[in-house]
Amino acid sequence: MDKIRIPFIKGDGVGPEVTESMRRIIDAAVLDAYSGNRKIDWTEVPAGGSAFERYGTYMPDETVEAFRTCGVGIKGPLMTPVGGGIRSLNVYLRQTLDLYVCLRPVRWFKGVESPVKHPENVDMVVFRENTEDIYAGIEWEAGTPEARKFYDFIHDGMGVTKVRFPETSAFGVKPVSKEGSERLIRSAIRYALDHGRPSVTLVHKGNIMKFTEGGFKKWGYELAEREFGEELRSGRLVVKDCICDAFLQNALLKPEDYSVIATLNLNGDYVSDMLAAQVGGIGISPGANINYSTGLAIFEATHGTAPDIAGRNIVNPCSNLLSGVMMLEHVGWDEAGSLVTSALEDSFSAGYATADLARLMENGKPLGTREFTDHIISLL
């Protein structure tokens, strides 16, 4: 394909700034890599606070349909109220479009300051299940008739007696299916084989949640033996598992022992952010939401909207930018993606970065968002 239509959501807060930076750099890289023979047709689609002000809805149907039709897209951060208000728009997109893999590659760039001694040992790709677990959003607020009805059902009908304070308890349901677990783990294994990765680790809390997280582990091993037995026996594939709290410790002490991680939704949230912290923070951590069966993928900044710094020309655009690199790789435009990655490596090695990273570098030279964007383009 010489021309690709890509819908994009600017996002809320710092979203418009990181999105503009990403688009400028990606366009420049595509131009440099293909001498003008390939081009991205960017199409803005509404979502978030600005969409609500204009259309009375946070996620218009037309936006969802644009992603479905084009098969690929990218988005800036979207607002998600805490403790009330609307449900997460990110979760809505993932579930509506059945984007069952949250893909989070984590690597270190030379020059970026890290809180650990050897961030270069962190090189992992997290496959986080995206549609089940507690992110399914099945819960009832304490004190409501629905919460009371749920409690009566599990107490009277199911014999559950372990709820200590039923009158003031909120309740949530954690669905974990065999099908949902298998398709996530299958995708992780195929990725490891395709990219020559040494192992896949199933991260779970099956010692406590024996039928949900324990089921995830059990189904994962069964799938590996059933569908990838030859690769296991030849040594091309190693599948192992680790309890989540132990993994959080081990990933700090011996990160080189892990390569591809397959895990459930909540665990994946904790794991991916902890790993990002080891290589400089979520400001340089990209992400994607993918359905490997249909090929549909939406790439995204992994950080929040940061309204306190919005419009001040200081936000770090690298999370959204590196998600753009993942998008280029997804559509087969690897050469353009490599140009961006190399430019970032050169910039960070020389100490040029936005203030959040530069202030920690020994030779840090802080740049504003726009100035950093110009600098990366000059290095392509």
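As a reminder, the structure under discussion sits directly above these lines.
Thresholds applied
Residues numbered from 1 in each chain as written. Predicted model: local features only at pLDDT ≥ 70, side-chain atom pairs only at ≥ 80, totals over all residues. Heavy atoms only, no water. Helix = DSSP H or I, 4+ residues; strand = E, 2+ residues; numbered from the N terminus. Rg over C-alpha atoms; globule rule 2.2 N^0.38 Å. Contact = heavy atoms within 4.5 Å. Areas by Shrake-Rupley, 256 points an atom, 1.4 Å probe, with all protein chains shown as cover. Lys, Arg positive; Asp, Glu negative; His and termini not counted. Charge placed at Lys NZ, Arg CZ, Asp CG, Glu CD. Pairing = 2+ DSSP bridges. Axes fitted to C-alpha atoms, helices over the stretch in contact; angles between N-to-C directions. Polar contact = N/O pair within 3.5 Å; in protein donor to acceptor, adjacent residues only side chain to side chain. 1 Å grid on protein atoms, 1.4 Å probe; cavity = no way out; pocket = protein on both sides within 12 Å on 5 of 7 lines; lining within 4 Å. Points joined across faces, edges and corners; volume = space filled by probe spheres on them. Phe/Tyr/Trp six-rings, centres within 6.5 Å; stacked < 30°, edge-to-face > 60°. Buried < 20%, exposed > 50% of the residue type's maximum accessible area, 1.4 Å probe, protein only. Lys NZ or Arg CZ within 6 Å of the ring centre and 35° of its normal. Expected span 1.5 Å × (residues − 1). Patch = residues over 30% accessible without salt bridge, like charges linked within 9 Å, V, L, I, M, F, W, Y side chains within 5 Å. Salt bridge = Lys/Arg side-chain N within 4 Å of Asp/Glu carboxyl O.

*Asks:* Teacher, can you tell me more about the overall build of the protein chain here?
*Replies:* Within the protein chain one finds 14 helices and 14 strands. Its C-alpha radius of gyration of 22 Å places the protein chain within 12% of the 21 Å reference for a compact globule of 380 residues. With the principal axes as the frame, the protein chain shows a C-alpha extent of 70 × 55 × 45 Å. If you take every contact in the protein chain between residues at least 6 apart in sequence, the share linking residues at least 24 apart comes to 74%. With the model as given, the accessible surface of the protein chain reaches about 17500 Å², and the carbon-plus-sulfur share is 52%. Between the mean site of the 40 positive side-chain charges and the mean site of the 51 negative ones, the protein chain shows a separation of 2 Å.

*Asks:* Whenever I open this one, the sheet that holds strand β5 (residues 123–129) confuses me. Can you help?
*Replies:* Neighbouring strands of a sheet are bound in pairs by backbone hydrogen bonds; such pairs are parallel or else antiparallel. If you walk across this open sheet you meet the ten strands as β2-β1-β3-β12-β11-β4-β5-β10-β8-β9, and the pairing is mixed. In this open sheet, the two strands that pair with only one neighbour each are β2 (39–44) and β9 (239–243). Between one strand axis and the next, the sheet turns through 25° on average, direction left out of account. Examined bridge by bridge, strand β8 (residues 200–204) and β9 share five bridges and lie parallel to one another. Bridging from a neighbouring strand, Leu202 pairs with Asp241 of β9. Against the sheet, helix α1 (residues 15–34) makes contact with β1 (3–9), β2 and β3 (72–75), and its axis sits at roughly 160° relative to β2, the strand it touches most. Relative to β1, helix α3 (residues 61–70) is tilted by about 150°, and along the sheet it contacts β1, β3 and β12 (297–301).

*Asks:* So what exactly am I meant to see when it comes to the side chain of Ser259 here?
*Replies:* Position of Ser259 among the secondary structure elements: in the loop between α9 (244–253) and β10 (260–263). Within polar-contact distance, the side chain of Ser259 engages the side chain of Arg197 at 3.3 Å. Contact partners of Ser259, with chain neighbours within four places excluded, come to Asp123, Met124, Val125, Arg197, Pro198 and Ser199.

*Asks:* What am I meant to see in the layout of surface pockets here?
*Replies:* A probe matching the size of a water molecule, rolled over the atoms, marks out where space remains unfilled. Within this model, the second largest pocket holds a volume of roughly 790 Å³. Listed by contribution, the elements that provide at least two residues to the lining of the second largest pocket are β4 (101–107), β5, α6 (178–194), β11 (286–290) and α11 (318–330). In terms of residues, the lining of the second largest pocket owes the most to one element, α6, which gives six residues.

*Asks:* What is the right way to look at the packing of aromatic side chains in this model?
*Replies:* The relative placement of two aromatic rings is captured by the distance of their centres and the angle of their planes. For the structure on display, the rule yields eleven aromatic pairs. With a centroid separation of 5.3 Å and an interplanar angle of 50°, the aromatic rings of Phe150 and Phe171 are classed as tilted. Placement of Phe150 in helix α5 (residues 145–157) and of Phe171 in strand β7 (residues 171–173) is noted, with a sequence separation of 21 residues between them. Both residues of the pair, Phe150 and Phe171, belong to the buried class. Here Tyr151 and Phe171 contribute two aromatic rings whose centre-to-centre distance is 6.3 Å and whose plane-to-plane angle is 25°, an arrangement assigned as stacked. You can see Tyr151 sitting in helix α5 and its partner Phe171 sitting in strand β7, a full 20 residues away along the chain. The two residues Tyr151 and Phe171 agree in class, both being buried. Members of the aromatic cluster, each reached through a chain of ring pairs, are Trp140, Phe150, Tyr151 and Phe171. Directly above the ring of Tyr135 sits Arg128, whose terminal nitrogen or CZ lies 4.9 Å from the centroid. The side chain of Lys365 reaches across the aromatic face of Tyr352, ending 5.1 Å from its centre.

*Asks:* Is there a simple way to think about α11 in this case?
*Replies:* Each α-helix turn comprises 3.6 residues. Residues three or four places apart therefore point the same way. End to end, α11 covers 18 Å across 13 residues, agreeing with the expected 18 Å (1.5 Å per residue, within 8%). Those residues of α11 not exposed but buried are Cys318, Ser319, Asn320, Leu321, Leu322, Ser323, Gly324, Val325, Met326, Met327 and Leu328. Looking one or two residues past α11, Gly332 carries a phi angle of roughly 90°, positive in sign.

*Asks:* Just checking my understanding: could you explain a nonpolar patch on the surface for this structure?
*Replies:* Together, Phe153, Met158 and Val160 make up an exposed nonpolar region whose accessible area comes to about 300 Å². Note on placement: Met158 falls in the loop between α5 and β7.

In short, shape yes, function no, at least from these values alone.
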